[in-house]
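Here is how the chains run, residue by residue.
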2 protein chains.
Amino acid sequence: MLTIGELSRATGVKIPTIRYYEQMGLMAVAERSGGNQRRYESHDRERLSFIKHARDLGFTIEAIRELLELSAHPDRPCVDADEIAVRQLQAVRNKIAKLRLLEKELDRMTSRNHDDQVKHCYVLQSLANHDMCVSEHQRP
Amino acid sequence: MLTIGELSRATGVKIPTIRYYEQMGLMAVAERSGGNQRRYESHDRERLSFIKHARDLGFTIEAIRELLELSAHPDRPCVDADEIAVRQLQAVRNKIAKLRLLEKELDRMTSRNHDDQVKHCYVLQSLANHDMCVSEHQRP
DNA sequence: ATAATAGCTATAGATACTGGAGGAACAGAT
DNA sequence: ATCTGTTCCTCCAGTATCTATAGCTATTAT
C-alpha cells in the first residue's frame, strides 16, 4: 500500500496532479485509510506511469482516456491505438517544421543586431513588418 | 476608420482576441462610435500586426508588452529587445530538440505495429513501460 | 421600413495543471 | 501519553491565452 506522497515520488507526478487525474476520471477513485487518506496499490502505480509517460509524449488527457479504454479491452483490434499514435506523430512533426521556420527567423533577427539604439533595432523592425519574413509562419 | 471586424480581417486576429488584447492593455482602449462600437485607425492596425507577428513567433504576452514598451522609447539601447529575442530563440531550440526525441519514439512505436490485437499492441506496451524508451524525455 | 449583418457586454469554458489556506492524521521520539 | 514534524485532506483561486455563448443593440443595404 502506497500513500499519495509515495506514489508521487515513485512516478514523478505531483500530488495535486494525481488528485486532479482522479477527478478527471483517469485514475480510479482511490481507496481510503481509516483517517480518509488515499491508499494505492501497485496497479495504480503502473496506470499512473502509463499516464505520465503518455503526457510526456504530448498525448492529451482525452487521447489518454481513449488509450486506457482500449487497453481495458484486449480483444479489440490494435488499429485504434495505432491511429492515435500516428496522429500524435504527425502533430509532433508539424510542430517541428513550424519551429524550424521560427528558429530561422529569430536567428536572422538576432544575429544582425549590432546596432545599439532601439530606433535601428532589427528585432523590432522585423516584428513590425511581416514582409521581412523568410517564410509564412503560424502559431507554433 | 476601421470597425473591429475590418481590423480582424486585415490582421487575421479574431474579434474576441482583439477585445482581449485591449483588456490586457496590449492594445489601447479603442475610440467609440456614437453607438458605442470600436473604431480603429491605421496605427492600431500596425500595432496589432506587430502583436500577431510576435505571438506567431511564440512570444508571450508579457514579452510583447516589454517589446512594445521598448519600441515606445527609441532612445534606449536595443540590447534589451535583442535579449528577449535571444531568449525566445533558445526556447525554440529547446522545444525542437525535445520534439525530435518524441518523434523518434513515436515513430518507433507506430512503425512496429503490425499485430492486430490490443493485447500485443506495441503502442500500448511502449506507453506502459518506460524502459523501452530510446531516451529520457520530458514534457514537450 | 425592414432584414441581414455586425457589434456590444458579461460570463463561462477549454486545457492541464499549480498553489495556498486551514485543518486533520500519522510516525517516531521522549 | 504526549509532543513534534511531516504528510495528508478539501476547497477554492489562479495561470495563460484565448474561444464561445447569450441576450441585446447598431449599422448597412435594399
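Residues numbered from 1 in each chain as written. Chains lettered and ligands numbered in written order. Predicted model: local features only at pLDDT ≥ 70, side-chain atom pairs only at ≥ 80, totals over all residues. Heavy atoms only, no water.

- Under an unreviewed UniProt entry, chain A has the name MerR family transcriptional regulator and belongs to Nitratireductor indicus C115.

1. Some points on the protein's contact with DNA strand C
No. 1: In the vicinity of DNA strand C lie 21 residues, with A:Thr17, A:Arg55, B:Gly5, B:Arg19 and B:Arg38 positioned nearest.
No. 2: What you see for DNA strand C is that sugar and phosphate hold 86% of its atoms within 4 Å of the protein.
No. 3: Residue A:Ser33 places a side-chain N or O atom 3.4 Å away from a phosphate oxygen belonging to DNA strand C.
No. 4: One of the side-chain nitrogen or oxygen atoms of B:Thr3 is found 3.0 Å away from a phosphate oxygen of DNA strand C.
No. 5: When contributions to the surface near DNA strand C are tallied by element, the ones reaching two or more residues are helix 2 (15–23) of chain A together with helix 1 (4–11) and helix 2 (15–23) of chain B.
No. 6: Among the residues forming the surface near DNA strand C, the class breakdown is six nonpolar, nine polar and six charged. (Near = heavy atom within 4 Å. Polar contact = N/O pair within 3.5 Å; in protein donor to acceptor, adjacent residues only side chain to side chain. Helix = DSSP H or I, 4+ residues; strand = E, 2+ residues; numbered from the N terminus. Nonpolar A, V, L, I, M, F, W, Y, C, P; charged D, E, K, R; others polar.)

2. What about the protein's contact with DNA strand D?
No. 1: Around DNA strand D, the structure places 21 residues, and the nearest of them are A:Thr3, A:Gly5, A:Arg19, A:Arg38 and B:Arg55.
No. 2: For DNA strand D, the backbone portion of the atoms within 4 Å of the protein, that is sugar and phosphate, comes to 87%.
No. 3: The side chain of A:Arg19 places a nitrogen or oxygen atom 2.2 Å from a phosphate oxygen of DNA strand D.
No. 4: Broken down by secondary-structure element, the contributors of at least two residues to the surface near DNA strand D are helix 1 (4–11) and helix 2 of chain A together with helix 2 of chain B.
No. 5: The element contributing the most residues to the surface near DNA strand D is helix 2 of chain B, with four residues.
No. 6: Partitioning the surface near DNA strand D into residue classes produces six nonpolar, nine polar and six charged.

3. Observations regarding the confidence of the model for chain A
No. 1: Chain-level pLDDT for chain A is 79 on average; 76% of the residues reach the 70-or-more range.
No. 2: The spread of mean pLDDT over the elements of chain A runs between helix 6 (residues 122–128) of chain A, the lowest at 64, and strand 2 (residues 38–39) of chain A, the highest at 97. (pLDDT = per-residue confidence, 0-100.)

4. Section: the packing of helix 1 of chain A against helix 2 of chain A
All names here are of chain A.
No. 1: Where helix 1 meets helix 2, the axes come as close as 9 Å, and the angle between the chain directions of the two elements is 100°. With respect to helix 2, the element helix 1 is oriented roughly perpendicular. Mapping the contact onto sequence places Ile4, Gly5, Leu7 and Ser8 in helix 1 and Ile15, Ile18 and Arg19 in helix 2.
No. 2: Split into classes, the residues belonging to the contact of helix 1 with helix 2 amount to four nonpolar, two polar and one charged. (Axes fitted to C-alpha atoms, helices over the stretch in contact; angles between N-to-C directions. Parallel < 35°, antiparallel > 145°, perpendicular 65-115°, else oblique. Contact = heavy atoms within 4.5 Å.)

5. Observations regarding the environment of B:Leu70
No. 1: Along the chain, the position of B:Leu70 falls in helix 4 (residues 61–71).
No. 2: For B:Leu70 and B:Ala81, which are 11 residues apart along the polypeptide, the C-alpha to C-alpha distance reads 7.1 Å.

6. Observations regarding the packing of aromatic side chains
Residue and element names in this part refer to chain A.
No. 1: Tallied over the full model, the rule gives two aromatic pairs over all chains.
No. 2: Between Tyr20 and Tyr21, the aromatic rings sit 6.0 Å apart at their centres with planes inclined by 45°, giving tilted as the arrangement.
No. 3: On the accessibility criterion, Tyr21 (5% relative accessible area) is buried. (Phe/Tyr/Trp six-rings, centres within 6.5 Å; stacked < 30°, edge-to-face > 60°. Buried < 20%, exposed > 50% of the residue type's maximum accessible area, 1.4 Å probe, protein only.)

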